[in-house]
Amino acid sequence: MSAQCDLFFHVKGLESMASEKLEAAELRSKFLHVLRSRRPSQVPLSVVPGKPVKDPFFQESPKPIFSEAMASCPKEDIPNFKELLQEENFYLTTEEGGQGLLPVLVLSMKESDKKKRPTIVFLHSTHKCKEWLRPLLEGYASRGYIAVAIDSRYHGEHATSITTYQDALVSSWKNGDTMPFIFDTVWDLIKLADYLTEREDVDPSKIGITGESLGGMHAWFAAFVDTRYSVVVPIIGVQGFRWAIEHDKWQARVNSIKSVFEEARADLDKSAIDKEIVQKVWDRIAPGLASQFDAPYTVPAIVPRPLLILTAEKDHRCPLGGLEILESRVCKAYEEANCPQNIKLIAQPGIGHRMTPLMVKEASDWFDRFLKV
């Protein structure tokens, strides 16, 4: 009887896992439908040569010059590192139009054996650019990775003024024809995966993805929709958008891109931004973000791939309360997939919305653990 019971529960467990995989696939399909709903004409993926950016463009003043966290990134001590480091600058055509020309920066070490190597995609935070990430790229490149960074939509080489990104958000609210908050960049990351998996020096089974703040959101959603990203580390990016609305904790996130919400407030003839406006803006510029594609539904779809969520105890943009339901669901999903060792959530005590040396070290260890096997 005991053996029969064990078999019964084993079969039920397999059925549950199969059902969850089907649900994840259906959710990905729905998300892809949303992404495609606002795409201009598609063009073949191609590589356009580029040049190093001499004066990286930041949409903030004063221009940032140093990051303690990134400077702390583990790096191999290689005497002739600069001579052995190779840099690639190019563009990928991801769709028609100027925003469909994706700027890419790749750093790696010159190798004589031409072996396939693990690769990690790094994503910058709001108003910064791919060149800002260079300390991380160099650190990982020194340790044998191919390190890749892109400019997200309306940032870096995509930007023409200090308000380019904010203007794009307002335009999305007004016209509903683009999705500059998270979703359009996720489309680019799908195309980037198309490119990376075809490179002769990339191991297509070992492509990691990480990012800070807005970049952490990009990493989360790219990994949700594209399973080719095999190891995932969103940093101060994962949050419950719906939870924040329901618990009146949306203010810090809204203030980070306030212009679009002020525009909506004026259009809706309200005296102040409230949760109704917040919901309407999310529904307009990123459909489903605060409902079917919110963290409690999309993050568990990353199972069984290794996932490290790094956050901060006092981060008001990504409040911990919004991660409680998510943590319960995602840990259960990894348990049911028999890989609880593949999920970890760290909330650094006493820290607000910023990436820290501890987070950089934890991310580095996580990638080494799962991509260097």
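All figures in this text were calculated on a predicted structure; none of them were measured in a lab.

Caption draft 1: Fine view of the overall build of the protein chain. A tally of regular secondary structure across the protein chain gives 14 helices and nine strands. Here the C-alpha radius of gyration of the protein chain, 21 Å, is about what a compact globule of 373 residues would show, namely 21 Å. Considered along the principal axes of its C-alpha atoms, the protein chain spans approximately 70 × 65 × 45 Å. Expressed as a percentage of the 373 residues in the protein chain, the buried residues total 55%. Within the structure as shown, the protein chain displays about 16,400 Å² of accessible surface, and the carbon and sulfur contribution to it stands at 53%. Looking at charge distribution, the protein chain has the averaged site of its 46 positive side-chain charges lying 1 Å from that of its 51 negative ones.

Caption draft 2: Geometry of unusual backbone geometry. Of the consecutive residues Ser 61 and Pro 62, the connecting peptide bond is found in the cis state with omega at 0°. Among the secondary structure elements, Pro 62 is positioned in the loop between strand S1 (47–49) and helix H2 (68–71). Here the bond from Val 303 into Pro 304 is cis, since omega is 5°, no more than 30 degrees from zero. Not every positive phi belongs to a glycine, and Ile 236 is a case in point at roughly 40°. Within the secondary structure layout, Ile 236 lies in the loop between strand S7 (231–235) and helix H8 (241–246).

Caption draft 3: The arrangement of the pairing of strand S8 (residues 307–312) in detail. The element S8 is largely enclosed, with a buried count of six among its six residues. Burial of S8 is two-sided: the residues Leu 307, Ile 309 and Thr 311 facing one way and the residues Leu 308, Leu 310 and Ala 312 facing the other way are all buried. Summarising the sheet, S7 and S8 pair through two bridges and their orientation is parallel. Its bridge partner lying in S8, Val 232 is registered against Leu 307. In this fold, the crossover linking S8 to strand S9 (residues 343–348) by way of helix H13 (residues 324–336) has right-handed handedness.

Caption draft 4: Representation of the nonpolar core. Membership of the largest hydrophobic core comes to 82 residues, with the highest contact counts inside it found for Phe 181 and Trp 282. If we ignore the near neighbours within four places in the chain, the residues touching Trp 282 are Phe 181, Phe 241, Ile 245, Arg 253, Ile 257, Phe 261, Pro 287, Leu 289 and Ala 290. In terms of nonpolar packing, the next biggest core, distinct from the first, is built from 38 residues, Ala 69, Ala 149, Val 233 and Phe 367 among them.

Caption draft 5: Region of interest: the pairing of strand S5 (residues 146–150). Counting buried residues in S5 gives five out of five residues, a clear majority hidden from the surface. The pairing of strand S3 (residues 101–109) with S5 spans four bridges and is classified as antiparallel. The residue of S5 that forms the bridge with Val 104 is Ile 150. Pairing between strand S4 (residues 117–123) and S5: five bridges, direction parallel. Along S5, the bridge assignment pairs Ile 120 with Ala 147. Read from S4 through helix H4 (residues 134–142) to S5, the crossover connection turns out right-handed.

Caption draft 6: A look at the packing of aromatic side chains. Across all of its chains, the model carries 18 aromatic pairs by this definition. Look at Phe 31 and Phe 183: their rings are 4.9 Å apart centre to centre, the planes differ by 85°, and that puts the pair in the edge-to-face class. Of this pair, Phe 31 sits in helix H1 (residues 2–37) while Phe 183 sits in helix H6 (residues 183–196), and the two are 152 residues apart along the sequence. Using a relative accessible area of 0% as the deciding quantity, one classes Phe 31 as buried. A relative accessible area of 0% means that Phe 183 is categorised as buried. Relative to Phe 241, the ring of Trp 220 lies with its centre 6.4 Å away and its plane at 25°, an arrangement referred to as stacked. Separated by 21 residues along the polypeptide, Trp 220 in helix H7 (residues 214–225) and Phe 241 in helix H8 bring together distant segments of the chain.

Rules used throughout
- Residues numbered from 1 in each chain as written.
- Predicted model: local features only at pLDDT ≥ 70, side-chain atom pairs only at ≥ 80, totals over all residues.
- Heavy atoms only, no water.
- Helix = DSSP H or I, 4+ residues; strand = E, 2+ residues; numbered from the N terminus.
- Rg over C-alpha atoms; globule rule 2.2 N^0.38 Å.
- Buried < 20%, exposed > 50% of the residue type's maximum accessible area, 1.4 Å probe, protein only.
- Areas by Shrake-Rupley, 256 points an atom, 1.4 Å probe, with all protein chains shown as cover.
- Lys, Arg positive; Asp, Glu negative; His and termini not counted.
- Charge placed at Lys NZ, Arg CZ, Asp CG, Glu CD.
- Pairing = 2+ DSSP bridges.
- Right-handed = clockwise from strand over helix to strand, strands pointing away.
- Core = buried A, V, L, I, M, F, W, Y, C linked by side-chain atoms within 4.5 Å.
- Contact = heavy atoms within 4.5 Å.
- Phe/Tyr/Trp six-rings, centres within 6.5 Å; stacked < 30°, edge-to-face > 60°.

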